[in-house]
Structures are given as structure tokens and as C-alpha cells.
Amino acid sequence: QKEVEQNSGPLSVPEGAIASLNCTYSDRGSQSFFWYRQYSGKSPELIMFIYSNGDKEDGRFTAQLNKASQYVSLLIRDSQPSDSATYLCAVNRRMTGNQFYFGTGTSLTVIP
Amino acid sequence: EPEVTQTPSHQVTQMGQEVILRCVPISNHLYFYWYRQILGQKVEFLVSFYNNEISEKSEIFDDQFSVERPDGSNFTLKIRSTKLEDSAMYFCASSVTLLAGGLLFGPGTRLTVT
């Protein structure tokens with residue numbers, strides 16, 4: 001069973017649309033949840049983190065967490081071509097130490 | 001803005017050789033990590049380091065790997081006898097606390113084993 005699962009995509013949206021990225025995790029003991037953006041050949045860049053159930057907004061980005069369903073999502077409003085990248089979901093399980101588990105990522109293309 | 005730095009950006013080595021990858025984490029961060037990413041695959045945890053000792057390591061981090069913090073700033077990953085399958089991007093990361101704020105990654109070192 002994979003720790004963190006994401007739809008690999010590719011996901012294509014037109015410029016200005018909302019992109020919705022989803023992630024599920026296997027361990028109910030997970031406590032912290034993160035979204036990273038990774039451009040090809042570059043390192044992951046932290047976009048947002050969320051710890052509590054509900055929504056957290058930061059500019060055009062909204063992270064949503066539902067611990068009962070073991071589900072995390074990232075919404076990108078007013079998508080721009082510069083948002084085209086792979087988005088990685090990461091989960092931290094304090095019960096097993098301080099590993100951050102990453103999903104395989106979802107490739108997003110924003111079409112001008 | 002503070003950032004994690006890594007050297008070299010690209011390392012080519014022959015199978016069986018030793019390599020040392022270097023990282024300078026953000027100065028006020030307490031937790032340090034090495035991750036790797038084989039081309040086209042996911043980011044994989046190797047090891048975490050806190051208070052001058054390994055706090056956790058993965059199955060990938062076998063006896064061929066070691067980490068050190070030789071001084072107050074540098075954090076190194078050594079691979080004693082490289083294999084072809086060690087070819088990957090190696091990322092150093094650091095965090096202020098255990099859970100809050102997430103990991104901040106360095107730019108990575110691309111290791112190519114021939």
C-alpha cells in the first residue's frame with residue numbers, strides 16, 4: 001500500500017481556469033500535509049502546508065484537508081502558464097519519526 | 001531570503017568510486033535531510049539528522065551511505081562505493097521544527113554513475 005497516492009495526470013486546464021489536484025494518504029496518524037511544486041530538473045518548492053481539517057487559502061492557492069477521508073487537495077485559481085509543473089503531495093507521520101512521505105506527483109499543464 | 005545550498009550541482013563518477021555530496025542548510029534550522037529522486041520517479045527519503053546524529057533512515061540508506069555534520073554549517077552525504085543505480089538527483093533539505101513549516105530543499109546534486 002502506497003503511503004501517499006496522487007493521480008499522475010497529466011492534467012490540462014485552460015489559462016484562467018481552476019486546477020484541482022488530489023492526494024490520498026494511508027496512515028491515519030499523519031499530522032502534517034504539504035504541497036510542493038517541482039519544475040522539470042529543479043528541486044521541490046514548498047507552496048502550502050495544512051494541519052487542520054478544512055480549507056486554508058494563500059493567494060490563488062487553497063489547500064483542503066479531510067482527515068476522516070484521508071484526503072488532501074490543492075486548488076489553483078486563475079491558473080497561469082507559469083503554474084505548469086509537477087505538484088507533489090507530502091505527508092509527515094510523527095508517530096513513525098520525522099520522515100516526509102511524497103507522492104509521485106501530478107503533472108499540470110496550463111494551456112494559454 | 002535564506003536558502004539551502006548544495007555542491008556540486010553535477011557529479012560524474014565511475015562505479016565503485018566514493019562520492020561526497022555537500023550541503024549548507026539554513027542556519028537556524030534544526031533538522032536536516034537527504035532525499036533522492038531517480039529520473040521520472042518520486043522523491044524518496046534517505047536519512048534525517050538532528051542534534052548531530054541520525055534520527056531516522058530508510059531501507060535505501062544502507063552501509064554504503066553515511067552522513068556527517070563536520071562543522072556548524074556543512075552537512076554531507078557520502079556514498080562509499082557507488083553503483084549504477086545510485087544515479088539520481090540528491091536533494092538536501094532542512095526544517096526549523098519537526099512538523100511545522102515543511103522542508104526547504106536545496107537545488108540538488110545530479111549524480112551520474114558510469
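Residues numbered from 1 in each chain as written. Chains lettered and ligands numbered in written order. Predicted model: local features only at pLDDT ≥ 70, side-chain atom pairs only at ≥ 80, totals over all residues. Heavy atoms only, no water.

### Some remarks on the confidence of the model for chain A
Point 1. Residues of chain A with pLDDT of at least 70 account for 94%, and the chain-wide mean is 91.
Point 2. For chain A, the element scoring lowest by mean pLDDT is strand 10 (residues 100–102) of chain A, at 87; strand 7 (residues 61–66) of chain A scores highest, at 97. (pLDDT = per-residue confidence, 0-100. Helix = DSSP H or I, 4+ residues; strand = E, 2+ residues; numbered from the N terminus.)

### Quick look at the side chain of T109 of chain B
All names here are of chain B.
Point 1. Secondary-structure assignment places T109 in strand 11 (residues 109–113).
Point 2. The exposure class assigned to T109 is buried, which follows from its relative accessible area of 0%.
Point 3. A polar contact is formed between the side chain of T109 and the backbone oxygen of P8, at a distance of 2.5 Å.
Point 4. Apart from the residues lying within four places of it in its own chain, the contact partners of T109 are Q6, T7, P8, S9, Q11, L21, A88, M89 and Y90. (Buried < 20%, exposed > 50% of the residue type's maximum accessible area, 1.4 Å probe, protein only. Polar contact = N/O pair within 3.5 Å; in protein donor to acceptor, adjacent residues only side chain to side chain. Contact = heavy atoms within 4.5 Å.)

### A short note on the pairing of strand 7 of chain A
All names here are of chain A.
Point 1. Alignment of strand 6 (residues 54–58) against strand 7, held across 5 bridges, turns out to be antiparallel. By the bridge assignment for strand 7, D58 is matched with F61.
Point 2. Count of turn residues in the strand 6/strand 7 antiparallel hairpin: 2 residues, of which G59 carries a positive phi of about 65°.
Point 3. Looking at chain direction, strand 7 and strand 8 (residues 71–76) are connected through 6 bridges and run antiparallel. If you follow A63 over to strand 8, its bridge partner there is L74.
Point 4. Hairpin connection between strand 7 and strand 8: a loop of 4 residues separates the two successive antiparallel strands, and Q70 in this loop has a positive phi of roughly 55°. (Pairing = 2+ DSSP bridges.)

### Remarks on the sheet that holds strand 7 (residues 65–68) of chain B
Residues and elements named next belong to chain B.
Point 1. The strand order across the open sheet built from 4 strands is 1-3-8-7, with neighbouring strands paired in antiparallel fashion. Whereas interior strands pair on both sides, the edge strands pair on one side only; in this sheet they are strand 1 (5–7) and strand 7. Neighbour to neighbour, the strand axes of the sheet diverge by 20° on average, direction disregarded.
Point 2. In this structure, strand 3 (residues 19–24) lies alongside strand 8 (residues 75–79), joined through 5 bridges in antiparallel fashion. By the bridge assignment, V19 is partnered in strand 8 with I79. (Axes fitted to C-alpha atoms, helices over the stretch in contact; angles between N-to-C directions.)

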